Amino acid sequence: MRPLRLVFEGFGSYRDETDVQLHDVDFFVLTGPTGSGKSTVIDALCFALYGTVPRWGKGHAVRNALAPSVNEGKVCLVFEAAGDRYAAVRLLRRTAQGNVQTKEARLDRLDPSLPADADLAKLLEVAQPMAEGEKVTGAVSELLGIGYEQFTQCVVLPQGRFAEFLQAKPGDRQDLLIQLLAYAVYEDVGQRARERAKLAAGKLTMAEKRLAEMGTVTDEVVEAAARRVADLEALVPAVDEAVEKMAEVREKWKDANAATKTAREQLTGLTGLRRPGDVVDLATRIADADEQITRRQAERTAAEEAEAAAEAARADLPEQAELVRWRDAHTRLATLTSRLERLRADASASVAAEESSAAEFATAEQALVAAEAASASADRAHRAVALAADLVEGEPCPVCRQQVHDLPHHAVPTDLDEARLAVKNAKSSVTATRRAHADASKAAAAAKADVEGASRQSAELTAELSAAPPLAEVEAVLEQRAAADAAVERARTRARGARRAVEDAQRERTALGDEEQQAWAALRAGRDRFVALGVPPVEGTDLAAAWQSLLSWTGAQRDALTSRVAELEQAERDFLTEGTSVRTELARLLDEHRISLPDKEKPDVVLARSVADARRDLTDLESRRTQSASLAAEVEQCREEEQVARMLGNLLKSNGFEAWLCQEALDSLVIEASEILMQLSGGQYELQRDNRNDLVVVDHNDAGTTRPVNTLSGGETFQASLALALALSHQVVGLSGGKRDLNSMFLDEGFGTLDEATLDTVAATLERLASETDRMVGIVTHVPALAERVPVQFAVTRDGASSRLRRVEV
């Protein structure tokens, strides 16, 4: 049994669900403070299998199973055993009276395709039920091969119970070994031996009865049967020779028959061969079609030559696009020359207008300067009037800085107004002449730009036409090019028509060709029917002549083939007569030996069947003659089997054999356990079995004194118990003949009593047990030095509500 997963909730000190994954673990340790719930994990494993745990005392006590203030709990163990995977599930509940009872128990076989760490509900959903309720514990015991008491002494070693197997009474230890090592099988062997003795006694009675009923076969009868076998076997060569002769004649008759049939078929074929009536007409139509193709091909050649000549004549002329480009360039240049003359006249007028407006602008500016000078002179002459015009009542005077209380009044002189008006008019004139000059300048610049653009385009067109012929010559060549294009198109049209005519003629010839091929195929098929007669091959291309040649040959062959058919029919009749004569002689020979030959039977097969019947009769007679001797030997064998089985059954009725086996097993366990104990005790203690089957230790530190194991101290007792448990775990497969495989061991405490050296030895032994065998080892300890050497640790803690477990990889 190997645990893969342990899930529990509301169990012991664990209120919350705890999922312990063990499928990938070989060696693990449970660590934590005292009272944290380490041992409860081992209790849950044991409870899932057997419904109770050692620490609860009574075997069926479950009152301590539920955590305080929890009304329901569950425990589920997923494990492997006997090559399959199982799940043991137990559900607990607290009644209204406060009692704890098992609500449900079940043992299921799981689907091996689902991983052990899959969702638990999914694992159980597709499981196969094995047992339910009170039958679960018995089913687990039968599956594992051990019950609760053996499990808690060999697999789970709980606190305070390490020494039970070590200190057990010899009788109790023997009962444990019988159950653990499957030695109870020998009681079954004894029962089966007694049953086999009864069966052998019945067979003995039946053999004696058949021996008494067996009849007698004399040697004379056997010798007569042997002589008949010899006589019939002597006939075999003569019959085989006659059969071979018949087979030879039959093959000759078959050949003659086949040749006659073939000759008749050939004669019928020669007589029925006829030339088709449309062969001559088909040949005429084919000749006409061939002539039409030749004529159309000549017309096509002439049309294609005319097409090539027209294209060659057109190729000597310039390209149409080039001629059109030259003509368009000549037209654009003439138009541009006329426009350039107009643009140059417009530019000259614009330049003259610009010069006139410039002169008017200069005159206006001179008049403005004179008007402004006259206005300034008038202002100086009438400065008081100008100053009074700027005074503001209540503001200081700009001359005396005194506050102005009353504004003075001065009449504006007439010459001052006229001077100011003259300045204003002069400024308006300057503005107007300036605008007119600007407009004239823009018009002159635009006219100049138009002249320059037209001149540039004229130069480009002139350069483009430098290598071109005159316009009149270009137009003349364009007319020639149009005429050449029309001629090429007409020639192409005639060529296409000629090619289509050739294709039509060829299609007509092809259609006739299909008929011709069918006619030739019919001719060859008719000719091929007579290849065996040496018909000449089909030659030439004249279909009618070929048919006439074949018909002339068939006429000459008919007479010769008629004579051949008559000769073959006579040979066929001769072979049939010879074969009948040989069979009649064979029938007479077989009848002399009391063997009849039916009409449709083969003589050699009839003789072989008769020989086989004679041999079978001889064998049967010989068998019956020797059967009595065999029955006598069978009687002796049945009597011996009955005696051996009865003796073995009587020997195995007592328990002496089981006691001897247990004694030998215990000696083997003590030898290995003693070696382990010597290592653990530093060579002080050796384990032995005394003559009363009690276990004792030899103290080498006390001159080899022998004393009972119950005199050992607590630490020494733990060492001896651990040594015995390790030996039992290691040897259980071999000692049970492979019927038990307890590949798990769980040790709860006891390591704190060991000194440092012994602890190191224990740790090394456990490490070797886990690594060198396919065995899971789990320990519960407070000793940090031991815990640190275990590759997988489960740290157990406890808060006010629940114990908690956490996996720690070292």
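Residues numbered from 1 in each chain as written. Predicted model: local features only at pLDDT ≥ 70, side-chain atom pairs only at ≥ 80, totals over all residues. Heavy atoms only, no water.

## Quick word on the state of the cysteines
Summed over all chains, the structure comprises zero disulfides. With no disulfide of its own, Cys397 has Cys400 as its nearest cysteine by sulfur position, at a separation of 3.8 Å. (Disulfide = S-S within 2.5 Å.)

## Considering unusual backbone geometry
The backbone of Arg594 shows a phi angle near 60°, a positive value even though the residue is not glycine. In this model, Ala703 sits at a positive phi of 60°, which is unusual for a non-glycine residue. Note that Ala703 resides in the loop between strand E10 (695–699) and strand E11 (705–708). Overall, the relative accessible area of 78% leaves Ala703 in the exposed class. (Helix = DSSP H or I, 4+ residues; strand = E, 2+ residues; numbered from the N terminus. Buried < 20%, exposed > 50% of the residue type's maximum accessible area, 1.4 Å probe, protein only.)

## Side note on the pattern of salt bridges
All chains considered together, the criterion is met by 29 salt bridges. For Arg789, the salt bridge is made with Glu767, and the minimal N-O distance between the two is 3.2 Å. Of the two residues, Arg789 is situated in the loop between helix H19 (784–787) and strand E14 (792–798) and Glu767 in helix H18 (residues 756–772); the sequence distance between them amounts to 22 residues. Classification of Glu767 as partly exposed rests on a relative accessible area of 25%. (Salt bridge = Lys/Arg side-chain N within 4 Å of Asp/Glu carboxyl O.)

## Digging into the nonpolar core
Leu49, Phe79, Leu144 and Phe151 are the most contacted members of the largest nonpolar core, which totals 53 residues. Take this core: its biggest share by element is nine residues, from helix H1 (residues 38–50). Those residues in contact with Leu49 that sit more than four places away from it in its chain are Met1, Leu77, Phe79, Ala88, Arg90, Thr137, Val140, Leu144 and Phe151. Core analysis: the second largest hydrophobic core is formed by 41 residues, Val709, Phe718, Leu728 and Val790 among them. (Core = buried A, V, L, I, M, F, W, Y, C linked by side-chain atoms within 4.5 Å. Contact = heavy atoms within 4.5 Å.)

## As for the packing of helix H13 (residues 471–528) against helix H14 (residues 543–591)
Relative to each other, H13 and H14 sit at 15°, their axes nearing to 11 Å. Considering their axes alone, H13 and H14 lie roughly parallel with respect to each other. Judged by the twist between their axes, the crossing of H13 over H14 is left-handed. Along the contact surface, H13 presents Ala519, Trp520, Ala522, Leu523, Gly526 and Arg527, while H14 presents Leu543, Ala546, Trp547 and Leu550. Of the residues contributing to the contact of H13 with H14, the split by class is eight nonpolar, one polar and one charged. (Axes fitted to C-alpha atoms, helices over the stretch in contact; angles between N-to-C directions. Parallel < 35°, antiparallel > 145°, perpendicular 65-115°, else oblique. Left-handed = near helix turned anticlockwise from the far one by under 90°. Nonpolar A, V, L, I, M, F, W, Y, C, P; charged D, E, K, R; others polar.)

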